[in-house]
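Listed below, chain by chain, are the residues.
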Amino acid sequence: MFDWNDLRYFLAVARHHSTIAAGKSLGLSQSTVQRRVNELERRIGRQLMARHPTGYRLTEFGEMLLPYAERIEAAVGDFELRTKDTARELAGVIRVTCPEPIVYRMTKSSLIDRFHARYPGLRIEFVTSDRYLDLSKGEADVAFRSGDTEDELVGRKIADSIWAVYASRAYVARHGQPARAEDFSSHAWVGFDESLSQHRAAKWLSEVVPNATMSARHTSVLGLVSAVKSGIGIGALPTALGDAEPDLLRVLGPIPELARSWRLLVHPDLRRVPRIAAFFDFIIEEREALKSILTG
């Protein structure tokens, strides 16, 4: 119907009763103010003000519209203030927890650099641990996690967590390659330490190969990858890591029992904090790029 910006000129003339004074208050020329007010009147189809010897005065129609224009001006001012407040809030550190191998893959990609470029006032700080960090206690702000999680956390699925059984080329050359699950008992295995006996990979191995010959046990996924690469045994690994190693062969899988969803999680109290919301929404937007990082 009309240009909302023209309300500024209407309000300035209404307050100063002069196009010259209105122009000075807006940092514009008198002719610009006059032209914009005339354009507003033309689009509305009614006269808003009339020139008198003592200056401009609003018409009856202009007086009726004045409070509505003032409300729009106030709303725009509030909008600008909130925008500036949000910009100030988009500063600080976002502590992200995820498995150590994923940290390497994320930083190797351009994902984090793109986030920093979009939000120069924010910085990602990775926090890694052999255990799930407690977001409700503030041990981290955001988590990339697969498997079971606390019910109180909220989040979104961003990719699939897929596992398969791998062996090094050297191991296969010496011991052959298992063709099916029934062959597993005749091979040496690499698995998790007792401290991670509740991990789904540890439970799966104890069910499929209850009397497995263990050649090494580790407390981290990276330890499993290193051990399998050394050729001392076969082991279940995330496909994102196993497929990325040229010295490893996928001998069986994916294994349905080990499949889970990768999720981006946050405590509900933090979900709408501007810096957390910015990272959360950015990651959801970048889900396609994350699939290659998390799934392989």
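## Observations concerning the sheet that holds strand E4 (residues 122-127)
The 5 strands lie next to each other as E4-E3-E5-E12-E6, forming an open sheet whose pairing is mixed. Each edge of the open sheet is held by one strand with a lone partner, namely E4 and strand E6 (154-161). Here the average twist between neighbouring strands, direction ignored, is 20°.

## Comments concerning the pattern of salt bridges
Inspection of the entire model under this criterion finds 14 salt bridges. Where Arg 95 meets Asp 141, a salt bridge forms, and the shortest distance between an N and an O atom there is 3.1 Å. Of this pair, Arg 95 sits in strand E3 (residues 92-97) while Asp 141 sits in the loop between E4 and strand E5 (142-146), placing them 46 residues apart in sequence. Under the relative-accessibility criterion, Asp 141 is labelled buried at 4%. With a closest N to O distance of 2.4 Å, Arg 250 and Asp 243 form a salt bridge. Using a relative accessible area of 35% as the deciding quantity, one classes Arg 250 as partly exposed. For Asp 243, a relative accessible area of 42% corresponds to the partly exposed category. Sharing partners across several salt bridges, the network here consists of Glu 39, Arg 42 and Arg 43.

## Thoughts on the packing of helix H6 (residues 111-118) against helix H11 (residues 274-285)
A pair of packed helices is captured by two measures, namely the crossing angle of their axes and the spacing between those axes. It is at 11 Å that the axes of H6 and H11 come closest, and there the two elements cross at 130°. Of the possible angle classes, the one that applies to H6 and H11 is oblique. In terms of crossing hand, the pair formed by H6 and H11 is right-handed. Here Leu 111, Arg 114, Phe 115 and Arg 118 of H6 come into contact with H11, specifically with Ala 278, Phe 279, Phe 282, Ile 283 and Glu 285. Here the contact of H6 with H11 is composed, by residue class, of 6 nonpolar, no polar and 3 charged.

## Quick look at the side chain of Arg 36
Mapped onto the elements, Arg 36 comes out in helix H3 (residues 30-44). Separated by 2.8 Å, the side chains of Arg 36 and Asp 6 make a polar contact. Among residues more than four places away in sequence, those in contact with Arg 36 are Asp 3, Asp 6 and Tyr 9.

## Observations regarding the confidence of the model for the protein chain
Should pLDDT be low for a region, the predicted coordinates there are not to be read in detail. On average, the protein chain scores 86 in pLDDT, and the residues at 70 or more come to 94%. Within the protein chain, helix H4 (residues 60-89) has the poorest average pLDDT of any element, 78, and strand E7 (residues 163-168) the best, 94.

## Remarks on the packing of helix H1 (residues 6-16) against helix H2 (residues 19-26)
Running from N to C, H1 and H2 point in directions that differ by 125°, and their axes come no closer than 8 Å. Judged by the angle between their axes, H1 and H2 are oblique. Crossing handedness for the pair H1 and H2: right-handed. Residues Arg 8, Tyr 9, Ala 12, Val 13 and His 16 of H1 form the contact with H2, whose participating residues are Thr 19, Ala 21, Ala 22, Ser 25 and Leu 26. A per-class count over the contact of H1 with H2 returns 6 nonpolar, 3 polar and 1 charged.

## As for the sheet that holds strand E11 (residues 248-252)
With antiparallel pairing, 3 strands are arranged side by side in an open sheet as E10-E7-E11. Of all strands in the sheet, those bounded by a partner on one side alone are strand E10 (235-238) and E11. This sheet shows a mean twist of 55° between the axes of neighbouring strands, independent of strand direction. Here helix H9 (residues 221-230) sits on the sheet in contact with E7, E10 and E11, set at roughly 125° to E10.

## Some thoughts on the packing of aromatic side chains
Scanning all chains against the criterion turns up 7 aromatic pairs. Taking the centre distance of 5.0 Å and the plane angle of 85° together, the rings of Phe 184 and Trp 189 count as edge-to-face. Each member of the pair, Phe 184 together with Trp 189, is buried. The rings of Phe 115, Tyr 119, Phe 144, Phe 279 and Phe 282 are connected pair by pair, giving a single aromatic cluster.

Cut-offs used in this document
Residues numbered from 1 in each chain as written. Predicted model: local features only at pLDDT ≥ 70, side-chain atom pairs only at ≥ 80, totals over all residues. Heavy atoms only, no water. Pairing = 2+ DSSP bridges. Helix = DSSP H or I, 4+ residues; strand = E, 2+ residues; numbered from the N terminus. Axes fitted to C-alpha atoms, helices over the stretch in contact; angles between N-to-C directions. Salt bridge = Lys/Arg side-chain N within 4 Å of Asp/Glu carboxyl O. Buried < 20%, exposed > 50% of the residue type's maximum accessible area, 1.4 Å probe, protein only. Parallel < 35°, antiparallel > 145°, perpendicular 65-115°, else oblique. Left-handed = near helix turned anticlockwise from the far one by under 90°. Contact = heavy atoms within 4.5 Å. Nonpolar A, V, L, I, M, F, W, Y, C, P; charged D, E, K, R; others polar. Polar contact = N/O pair within 3.5 Å; in protein donor to acceptor, adjacent residues only side chain to side chain. pLDDT = per-residue confidence, 0-100. Phe/Tyr/Trp six-rings, centres within 6.5 Å; stacked < 30°, edge-to-face > 60°.

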